[in-house]
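As a plain string of letters, each chain reads:
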Amino acid sequence: MRISEIGSPELRPSHHDSSSQLLSQLECSIKEGELLSPEKPLPTNLSSDLRSTLSQLSSLVPFSNSIKLQIWKLSFRLWNACVDLSNAAGVRASGDKVGEEVVKLRQVAADMLLLAGNVDGVPSPALKSASFYYKTGLIWHELRRFDLAASCFEKATDLTAKLDVATISDPGERKLLLDLNIARSRTAWDVADRNLAVTLLNRAKNLLSGSAEHYKALGNQYLVFGKSALSKIEGSGVKEALKLMNEALDLFEKGSSTARTRNGTEDLKASRSKCLRFIAAVHLQGEEFESVLKCIRVLREGGGDRHPCLPVLAMKAWLGLGRYGEAEKELRSMVVNKGVPESIWVSAVEAYFDAAGTAGAETTKGLFLGLLDRCHVSAGAAVRIAFRVVGEGGSGDGARVRAKVAAELVSDERVVALFAGEAAAKDRTAMHAVLWNCAADHFRLKDYVTSAEMFEKSMLYVPYNIENRILRAKGFRVLCLCHLGLSQLDQAQEYINEAEKIEPNIACAFLKFKIYLQKNDHNAAIHQMQGMTTCIDFTPDFLSLSAHEAIACRAIPVAVASLTNLLDFSSGKAMPTTEVAVLRTLVTILAHDSGCEQEILKFTKRAHLRISELGPDCFFGKGEVGRRERNWFAVNAWNFGSNAGKEKNYEACAEFFRLASEFYSVVLDGEMEENSIMVCKSLTLTVSAMVAAEKQRQVPLLDTEVKQAIKLLERAGKTLSSISSRTQLDEDQATAIKPNLFFIYTFNAYDLHGRLNDLGSQQLQLVKTFASSKFCNPNDLLQIGLNASQGPQSNHEVATFALTECLSAFLSSPSPDYQNIALIARRLISVSSIHRGETDDDAVYAMYKQAYRIMVGLKDGDYPTDEAKWLAVTAWNRAAMPVCMGQADAAKKWMNMGLEVASKVAGMDTYRSCMEDFVADFAKKHAQIDDDGESN
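Residues numbered from 1 in each chain as written. Predicted model: local features only at pLDDT ≥ 70, side-chain atom pairs only at ≥ 80, totals over all residues. Heavy atoms only, no water.

Here we come to the overall build of the protein chain. Within the protein chain, the regular secondary structure consists of 45 helices and zero strands. Per-residue burial over the protein chain gives 46% buried out of 936 residues. The contacts in the protein chain between residues at least 6 apart in sequence include a share of 64% that link residues at least 24 apart. As displayed, the protein chain offers around 46,800 Å² of accessible surface, 51% of which is attributable to carbon and sulfur atoms. (Helix = DSSP H or I, 4+ residues; strand = E, 2+ residues; numbered from the N terminus. Buried < 20%, exposed > 50% of the residue type's maximum accessible area, 1.4 Å probe, protein only. Contact = heavy atoms within 4.5 Å. Areas by Shrake-Rupley, 256 points an atom, 1.4 Å probe, with all protein chains shown as cover.)

Here's what the structure looks like:
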């Protein structure tokens, strides 16, 4: 700003003109405020305009008395306009719904009085100005604007700080000073400045001026602070609350002595009693039970206080001291006192039961029923008491006692009557839930007696109407379960029949099935199980569940029927479990019962059929799961076949081994080849069982059966040929293939080929293959030779080959078995004699000669004596025909063979002498005949 622009003093407006102009602006704004209506939104700039004008006016201080008086008038006009706005809006001037704009206008009015200061002719201007700030601060406090409220209270305090209280005679002005301190203290308390709040209350004691009303107001504020401190959790809050309440008690007692009216005295006594009750509550919270009882004694003796909370406080104090008898007396006094509200005595009963526990259950029941006789009790109270008596779970005798007492309580006709009508529907549902949950807890603990009783009582709170029929049916079903657990089957059946009448469904059908199971009525159980499929809400899971229940009850026929129905019902549909698992379960449970081979065979065949219909991967599953399932069926078919063979049930044995071969031959996803060794073994044993069954029933196999058996052996033969051609077997194969398997295969194949009149060369080739294999054993070969040498289907070529090979094997042994060697020699001689006849005499002689050479050098008894005698005698007897025919050379050959063999046999000395004499006579006679012939 340039100097030349600054106006000269003569040109500036005068001080009076500026004040008048600003006051005019204030008046215009106040007029605008007087025209405001709560129906229209308040202008937000009105308070700011007023404050701006007031700020300009403050720069013109000091004012003349006339201006001050004008400011005062404008302030009151603004204040009254605010009051009118609040009243028109239907809200108290100090209500929490007063808009902030109106409160701001009130504060502007208070600031105007503060700016004007003292005015001549206005009494107590400071107090009037302070009252504006006090009332504005109260509204700010209600609006939770504690900072603005504290500012107003502080300004009001500054205005009254210089006043001499002793010189103030007006009661209203004295009350204003007291209320100002209390209000300021309350604001400090709400902003957590506890020390300042208590300090301000202590200062307020100097403003009481002997008025009972003042004592009451200040005492009430101490009491309010005490209750607030009592709500704090930490222990310091209890101590602080007790201190504040003692201050309040002291003020109430002093006020009583200063009261001049009866009403005033009664009010202070009532406040004193209220304070003592709170002090008792503080002591109770601090577990100072003796102090609680002292407070109650003072209340009862001094003022005759009969407040409903006193018995509750006394009862809790006695409970805290462990004196349950005294506590019960207090509780019973509440029953007599009709003035005790329901909520209080219900709370007291709950507290008593919490402390006394199970021992107080009977008392609680009696007290509650006593209350029914003296006053109206709500259904909600009955629910609370029942819930408290029942408790929240638990086990043992205590829980059973509580449940029993609760059952007696809720079954009382007077209690049931509380829940009649639609008005009590919510409480009736709550009571049913309390009893049902209690029953369910005991059911889970297998306390079926208590559970059944509580379920029965819960039915009392289920109305007999259509809306609740499902709930009633559910109640009957759980009662059926309880009696099933108690093995009270007749009662269980009665309940489930009732449930089925109300709501027929699969749950009822299944429970009836369980009852028949436990009665061991298998036929009825099967019939019930079959009927379950007709239920609307039936699912296959119930058939599976029925099977599990039947297995648990060891009812094998029922379990089999359930699983069979599951297979039939779910054919082509989704099943709760896989078909292979159902069949496996069927076979497993049948295996535990003897005499079920045919049933086992039937379901094993069904599994094999489903493999061909669905494919191995779909039936067994893929991966490791499928392999385990496949192996399970294969191994069990093998085991069943083995057991059937041991029991000489050869027909079943053959079927099981054939099925085992089929299961072992299944190749699943991820496998390279079948289990050929087990397939081979199963096929071989299948044919063996067929042959054994033929001998057992003494009915020969049909040609078609023989051909089928040969085909099975051909499959096995391929595997055996492959194995026998290998130079070395791995450990698993060596363990799986036993030496007799090849023999069994060869023996059966030889037998079956002979039945079809095959060429002998094929049989011979089979035996030669076996003889050349690493699995050949001389004893097995001997058995083949003996079998081939006799019977209607004998084959001398096979017999000769097998016996010759066997003889060579025995002779090459370090410890020859001369018993078998002698047997082979005899059988070879017999075969040659029968099939070659006398035309091949040299061949037979060679066999005798071989037998003689074997005997040479042996000790007596090494070669079987009977067999040696047979050789000697038959060789000698072979000379009979040549002797008769005059064939001297042939006769001498056989007689000499007989003598040679006889010379090696102990015990034939006499025979040998006779033989030698006969040979000598024969030689002489033959010589004489030769001489006569030459002479002739």
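Running from N to C, helix α4 (residues 100–116) and helix α5 (residues 125–142) cross one another at 160 degrees; their axes reach a closest spacing of 9 Å. The orientation of α4 with respect to α5, classified from their angle, is roughly antiparallel. Between α4 and α5 lies a crossing whose hand is left-handed. Contacts between α4 and α5 involve Glu 100, Val 103, Lys 104, Arg 106, Gln 107, Ala 109, Ala 110, Asp 111, Leu 113 and Leu 114 on the former and, on the latter, Lys 128, Ser 129, Phe 132, Tyr 133, Thr 136, Ile 139 and Trp 140. (Axes fitted to C-alpha atoms, helices over the stretch in contact; angles between N-to-C directions. Parallel < 35°, antiparallel > 145°, perpendicular 65-115°, else oblique. Left-handed = near helix turned anticlockwise from the far one by under 90°.)

Packed helices, taken two at a time, are described by the angle between their axes plus the distance between the axes. The contact between helix α28 (residues 579–591) and helix α31 (residues 623–646) brings their axes to 11 Å, and the two run at 25 degrees. When the interaxial angle is binned, α28 and α31 end up roughly parallel. Between α28 and α31 lies a crossing whose hand is left-handed. Every residue of α31 that contacts α28 at Val 580, Leu 583, Arg 584, Val 587, Thr 588 and Ala 591 is listed here: Glu 629, Trp 632, Phe 633 and Phe 640. Taken together, the residues that form the contact of α28 with α31 break down as seven nonpolar, one polar and two charged. (Nonpolar A, V, L, I, M, F, W, Y, C, P; charged D, E, K, R; others polar.)

Moving on, we get to α28. Between its terminal C-alpha atoms α28 stretches 18 Å, which fits the 18 Å expected from 13 residues at 1.5 Å a residue. Elements in contact with the buried residues of α28: α26 (541–552), α27 (556–569), α29 (597–614), α30 (616–620) and α31. (Expected span 1.5 Å × (residues − 1).)

Of the pockets and cavities examined, the largest pocket occupies roughly 340 Å³. In terms of lining residues, the largest pocket is bounded by 17 residues, among which Lys 695, Phe 747, Asp 751, Arg 755 and Asn 787 are the most central. Of all the secondary structure elements, the ones that give two or more residues to the lining of the largest pocket are α33 (676–697) and α36 (739–755). If one sorts the elements of the lining of the largest pocket by residue count, α36 sits on top with seven residues. Partitioning the lining of the largest pocket into residue classes produces five nonpolar, nine polar and three charged. (1 Å grid on protein atoms, 1.4 Å probe; cavity = no way out; pocket = protein on both sides within 12 Å on 5 of 7 lines; lining within 4 Å. Points joined across faces, edges and corners; volume = space filled by probe spheres on them.)

Among the nonpolar cores identified, the biggest contains 151 residues, and Leu 57, Met 112, Phe 419, Met 431 and Met 454 are the most heavily contacted of them. For this core, the element with the highest residue contribution is α4, accounting for ten residues. If near-sequence neighbours (up to four positions away) are discounted, Phe 419 is found in contact with Ala 379, Ala 382, Val 383, Ala 424, Asp 427, Arg 428, Met 431 and Tyr 461. Counting residues in hydrophobic clusters, the runner-up holds 134 residues, among them Ile 506, Ala 550, Val 587 and Ile 677. (Core = buried A, V, L, I, M, F, W, Y, C linked by side-chain atoms within 4.5 Å.)

Residues other than glycine seldom take positive phi values, yet Lys 446 does so here, at roughly 65 degrees. With respect to the helices and strands, the residue Lys 446 is situated in the loop between α20 (425–444) and α21 (448–458). Given the relative accessible area of 62%, Lys 446 is considered exposed. Despite not being glycine, Lys 648 has its phi angle at roughly 60 degrees, a positive value. Note on placement: Lys 648 falls in the loop between α31 and α32 (650–664). Among the residues examined, Lys 648 registers a relative accessible area of 52% and is labelled exposed.

Enumeration according to the criterion identifies two cavities of 30 Å³ or more in this entry. Volume-wise, the largest cavity comes out at about 50 Å³. Together, Leu 807, Ala 825, Leu 828, Ile 829, Met 847, Gln 850, Ala 851 and Ile 854 line the largest cavity. Elements with a contribution of two residues or more to the lining of the largest cavity: α40 (818–836) and α41 (841–855). Ranked by residues supplied to the lining of the largest cavity, first place goes to α41 with four residues. Split into classes, the residues belonging to the lining of the largest cavity amount to seven nonpolar, one polar and no charged.

Overall, the coordinates contain 22 aromatic pairs when judged by the stated rule. Considering the side-chain rings of Trp 876 and Phe 918, the 5.8 Å spacing of their centres and the 70 degrees angle between planes classify their relative orientation as edge-to-face. Of this pair, Trp 876 sits in helix α42 (residues 865–877) while Phe 918 sits in helix α45 (residues 909–935); the two residues are 42 residues apart in sequence, bridging distant segments of the chain. Members of the aromatic cluster, joined through ring pairs, are Phe 619, Phe 620, Trp 632, Phe 633 and Phe 663. (Phe/Tyr/Trp six-rings, centres within 6.5 Å; stacked < 30°, edge-to-face > 60°.)

What follows concerns the environment of Val 635. Tracing the backbone shows Val 635 in helix α31. Using a relative accessible area of 37% as the deciding quantity, one classes Val 635 as partly exposed. The sequence separation of Val 635 and Phe 657 amounts to 22 residues, and the corresponding C-alpha distance is 10.0 Å.

What follows is about the pattern of salt bridges. What the rule picks out here adds up to 25 salt bridges. A salt bridge links Glu 101 to Lys 104; the nearest nitrogen and oxygen atoms lie 3.6 Å apart. One end of the pair, Glu 101, and the other, Lys 104, are both in helix α4, three residues apart, so they sit about a helical turn from each other. Its salt-bridge partner being Asp 111, residue Lys 155 comes within 3.8 Å of it at the nearest N-O pair. One end of the pair, Lys 155, is in helix α6 (residues 146–160); the other, Asp 111, is in helix α4, with 44 residues separating them in the sequence. On the basis of relative accessible area, Asp 111 is assigned to the buried category, the value being 10%. Each of Glu 579, Arg 610 and Glu 613 takes part in a single network of salt bridges with overlapping partners. (Salt bridge = Lys/Arg side-chain N within 4 Å of Asp/Glu carboxyl O.)

Caution applies to low-pLDDT parts of the model: their predicted coordinates are not meant to be read in detail. Here the protein chain shows a mean pLDDT of 80. Residues at 70 or above account for 87%. Looking across the protein chain, the model is least confident in helix α35 (residues 731–736), with a mean pLDDT of 50, and most confident in helix α22 (residues 469–485), with 93. Ignoring residues within four places in sequence, the model shows residues 1–13, a span with pLDDT below 50, making four contacts including any to other chains. Low pLDDT (under 50) marks residues 91–98, which in the prediction has 19 contacts with non-local residues, meaning those over four places away or in another chain. (pLDDT = per-residue confidence, 0-100.)

What follows deals with the state of the cysteines. On inspection of all chains with the given rule, the structure shows zero disulfides. With no disulfide partner, Cys 508 has as its closest neighbouring cysteine sulfur the one in Cys 480, 8.4 Å distant. When its relative accessible area of 0% is taken as the criterion, Cys 508 is described as buried. (Disulfide = S-S within 2.5 Å.)

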